Amino acid sequence: MTASTTPAHDAPGHATPAHGTPDHAPEHDIHTPHAIAADAPRAYDTVVIGGGTAGLSAALLLGRARRRVLVIDAGRPRNRFAAHMHGALGLDGMPPLELLARGRAELEHYDVEVVTGEVASIREVTRGLAVRREKDIGNGDGNEDGHGHGHGHGNVDGDDGEGNVVYTRSVLVASGIEDHLPGIDGLDALWGGDVFACPYCHGWEVRGRRLGVLATSPMSAHQALLARQWSEDLTVFLAAGAELPREARGRLAARGVVVVEDPAVAAESTGGRLTGIRTADGTVHPLDALLVSPALQPRDRFLAEIAPVRVDTLVGSFLQVDANGRTSPPGSGRPGTWSIRG
Ligand SMILES: Cc1cc2nc3c(=O)[nH]c(=O)nc-3n(C[C@H](O)[C@H](O)[C@H](O)COP(=O)(O)OP(=O)(O)OC[C@H]3O[C@@H](n4cnc5c(N)ncnc54)[C@H](O)[C@@H]3O)c2cc1C
């Protein structure tokens, strides 16, 4: 989301404080729209919301482009449940959090600060945006997920009684997606291990084993046909209320995929490893791994005030963008000055 491309360094009257030196909030009321100039002392060129792979990559390029950047990260990357990541060239098998720790270390060479926190809201102000953090949930020493939080906690103090506020000329949203698993007993504990979503990421490790697909929507047939590439022993289970179109059933049967009609009610496990799926009739179907398509929810509630237009898709509600990746202008209806790149 871009409001302006003028670097904060070059803004008239802007004095860049020393890196890591606390600065003080201007005495403005953040709740008064248009009251705060974005060239106030604490303005950044870009605040990146989310310090996962996308946010840190963006921060690296912005830092190298001599932009003054703040990354605010709540420290819950989507793949934190997985011990290893796959399919990333040169990094295959690396623990996901190690990749992020490396990324943060690389950012130390640039004018990029990384802080831990949860952005609660964004408000339009004169020539920029005010970004409010919910609360301080750490200062670089890690959090409940064991995710390190890097360096730089200098320029974002100034608790206004409700949280910390920073000012910026642009915001880059990289806050990712939240996965909501279907309500099947025992599934959550296995997520990121023997229960996963993407066969390209984790299918190789269970190739040729007893695989299952938990169908949650008609689209699950596609996931099952895909998963068949990794094993000839593939069973489709139905979550409560899920249906498979007749045509899809025909294609699955043609590839030797069995569909269990009794709804799945529980994932059975021993020592953290999946052992089977229990269906409503009490039968336990032995299994080594299960593919599930969680419901996807973009983590972008903090955009509510700006309210870009959304679009409902088969996999959830997302920001609507044009062919160039730009959203609608925020509430003001002012054309052309804002964009969000997904
Ligand atoms: C179990 C699992 C395993 C996976 N394995 C692989 C794999 O092996 N290979 C692969 O290529 N892909 C894999 N993926 C996909 C991968 O996780 C995503 O593609 C990747 O994480 C997307 O990166 P991101 O930076 O967009 O989002 P994320 O990694 O989710 O990072 C977003 C960050 O933004 C933060 N955030 C959210 N809201 C706020 C807020 N309001 N304020 C501040 N910060 C906020 C979050 O806490 C998080 O740290 C896997 C996914 C899952 C679920």
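As the structure is a computational prediction, the values presented were derived from the model and not from experiment.

> I tried to follow helix α1 (residues 53-64) on my own but got confused; where do I start?
Given 3.6 residues per turn, any residue in an α-helix points the same way as the ones three and four places further on. In a regular helix each residue adds 1.5 Å, so 12 residues correspond to 16 Å; α1 covers 17 Å between its end C-alpha atoms and thus fits that length. Along α1, the positions that sit buried rather than exposed are Gly-55, Leu-56, Ala-58, Ala-59, Leu-62 and Gly-63. For α1, the buried positions fall inside an angular range of 160° around the axis, keeping them on one side. Seen from the buried face of α1, the exposed residues on the opposite side, beyond 90 degrees, are Ala-54, Leu-61 and Arg-64. On its buried face, α1 is in contact with β1 (43-49), β2 (69-73), α2 (96-107), β3 (112-125) and β5 (164-173).

> Explain the site of the ligand here, please?
As a structural note, the neighbourhood of the ligand is formed by 30 residues, with Asp-73, Arg-76, His-86, Val-119 and Arg-299 the closest of them. Interatomic distance of 2.6 Å between a side-chain N/O atom of Asp-73 and an oxygen atom of the ligand. The backbone of Gly-75 places a nitrogen or oxygen atom 3.4 Å from an oxygen atom of the ligand. Protein contacts shield 84% of the accessible area of the ligand, which totals 990 Å² for the unbound molecule. If you list the elements that add at least two residues to the shell around the ligand, you get α1, β2, β3 and α4 (199-202). The greatest single-element share of the shell around the ligand, amounting to three residues, is contributed by β3. Domain assignment of the residues forming the shell around the ligand places at least three in each of domain 1 (8-178 + 296-319) and domain 2 (182-293).

> Whenever I open this one, the sheet that holds strand β14 (residues 289-292) confuses me. Can you help?
Hydrogen bonds between backbone groups are what pair the strands of a sheet, and the pairing can be parallel or antiparallel. Within the open sheet, the five strands sit side by side as β7-β14-β8-β9-β10. Their pairing is parallel. Only two strands of the sheet have a single neighbouring strand rather than two, namely β7 (195-196) and β10 (258-260). The pairing of strand β8 (residues 211-215) with strand β9 (residues 234-238) spans five bridges and is parallel. Counterpart to Ala-215 in the pairing with β9 is Leu-238. Relative to β8, helix α5 (residues 220-227) is tilted by about 170°, and along the sheet it contacts β8, β9 and β14.

> Explanation requested: the packing of α5 against helix α6 (residues 246-254) in the structure shown.
The description of two helices packed together rests on the angle between their axes and the distance between the axes. In contact at an axis separation of 10 Å, α5 and α6 are set at 10° when each is read in the N-to-C sense. If you check the angle between α5 and α6, you find them roughly parallel. On the side of α5, the interface is formed by Ala-221, Ala-224 and Leu-225, while α6 contributes Ala-248, Arg-251 and Leu-252. A breakdown of the residues in the contact of α5 with α6 according to their chemical character gives five nonpolar, no polar and one charged.

> Any chance you could explain the pairing of β1 here in plain terms?
The two faces of the sheet receive side chains in turn, since in a regular strand these alternate between them. A large share of β1 lies buried, amounting to seven of its seven residues. In terms of strand pairing, β1 meets β5 through six bridges, oriented parallel. From the neighbouring strand, Ile-49 faces β5, where its bridge partner is Val-173. When β1 meets β2, the two strands line up parallel, connected through four bridges. Directly across from Ile-49, in β2, lies its bridge partner Ile-72. Handedness of the crossover joining β1 and β2 through α1: right-handed.

What counts and what doesn't
Residues numbered from 1 in each chain as written. Predicted model: local features only at pLDDT ≥ 70, side-chain atom pairs only at ≥ 80, totals over all residues. Heavy atoms only, no water. Helix = DSSP H or I, 4+ residues; strand = E, 2+ residues; numbered from the N terminus. Expected span 1.5 Å × (residues − 1). Buried < 20%, exposed > 50% of the residue type's maximum accessible area, 1.4 Å probe, protein only. Arc of directions from axis to C-beta. Contact = heavy atoms within 4.5 Å. Near = heavy atom within 4 Å. Polar contact = N/O pair within 3.5 Å; in protein donor to acceptor, adjacent residues only side chain to side chain. Areas by Shrake-Rupley, 256 points an atom, 1.4 Å probe, with all protein chains shown as cover. Domains from an automatic or database assignment. Pairing = 2+ DSSP bridges. Axes fitted to C-alpha atoms, helices over the stretch in contact; angles between N-to-C directions. Parallel < 35°, antiparallel > 145°, perpendicular 65-115°, else oblique. Nonpolar A, V, L, I, M, F, W, Y, C, P; charged D, E, K, R; others polar. Right-handed = clockwise from strand over helix to strand, strands pointing away.

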